[in-house]
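Structural description and commentary
Residues per chain are reported as follows:
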Amino acid sequence: MLTTETPNLPATAKYHLPPMHPEGRKFVGAAAVVTLLLGFALHWTTGGWLMAGVTAWVALFFRDPERTTPQGEGLIISPADGMVCMVADVAIPRQLDGDGGLGTTMVKRVSVFMNVFDVHINRTPISGTVSRVTYVPGKFLNADLDKASDDNERQYFIVEAADGTRVGFTQIAGLVARRIMRFVQPGDSVVAGQRVGLIRFGSRVDVYLPAGYQCQVLPGQRCVAGETVLARRDLAEVTIGVTQ
């Protein structure tokens, strides 16, 4: 008997105010205390209003919205919110090479730049096992510069899927960012779109596409972490577009 299964999806979707990630509470609390001191204790109304704006921005920065991640074979999902600032063929970083690495010398890299108004929670681009995490201290250059991939503070991940496909991606600190965090450890199992880390306060994520995958985004395009499809496997054509 032929049966058709219908996905268990809600009939409608409603907007919900995104919650704040716990990491942001101490920063919002500190900004709120300064706001109260300036506005009430020191009676500096202008400073109090300015700090109230800063407090609201900090709360906005650490927002952690839910995302609906596309499901399917051969998909690589964006790990970051932001603008695609670069798509280029590059040499594999040594932190992603060697035994258990990406296994090639040249690869296509997709770079997503997060400004200070984007969501900064990062998510895994594929399901699988976290096979490598490598932290590298460094500088704090503007994150949309190409050399930021080699010079800035950064953290490398490799996630290996059940079929052996390995995807590497890198959290890169920027001009304002001063802390890179991770929520997973080597050996952890993850599903595509799962939260794996956080960067504060403005930064970039590089994704290294495996052989056989075609990039589906263009420089200047906006991405949504956990939702935008960055690449698909076994496509004959490369995505093209126009800025307008």
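Everything discussed here concerns the structure shown above.
Read on for a plain summary of the structure. (Residues numbered from 1 in each chain as written. Predicted model: local features only at pLDDT ≥ 70, side-chain atom pairs only at ≥ 80, totals over all residues. Heavy atoms only, no water.)

Let us look at the sheet that holds strand β10 (residues 195–200). Taken together, three strands build an open sheet; the order of strands is β4-β10-β8 and the sheet is antiparallel. The outermost strands of the open sheet, each flanked by one partner alone, are β4 (121–123) and β8 (179–182). Averaged over all pairs of adjacent strands, the angle between their axes in this sheet comes to 20°, without regard to strand direction. Both β4 and β10 contribute to a ladder of three bridges, which runs antiparallel. Counterpart to I121 in the pairing with β10 is L198. (Pairing = 2+ DSSP bridges. Helix = DSSP H or I, 4+ residues; strand = E, 2+ residues; numbered from the N terminus. Axes fitted to C-alpha atoms, helices over the stretch in contact; angles between N-to-C directions.)

Here we have eight strands laid out as an open sheet, ordered β9-β5-β6-β7-β11-β3-β2-β13, and antiparallel in their pairing. The open sheet terminates on both sides in strands that have one partner only, identified here as β9 (189–190) and β13 (222–223). Here six bridges tie strand β7 (residues 166–173) to strand β11 (residues 203–209), and the two strands are oriented antiparallel to one another. Paired with G168 across the bridge in β11 is Y208.

What follows concerns the pairing of strand β14 (residues 229–233). One ladder, built from three bridges, connects strand β1 (residues 75–77) with β14; its direction is antiparallel. When the bridges of β14 are listed, I77 appears paired with V229. One ladder, built from three bridges, connects strand β12 (residues 213–215) with β14; its direction is antiparallel. Within the sheet, the bridge partner assigned to C215 lies in β14 and is A231.

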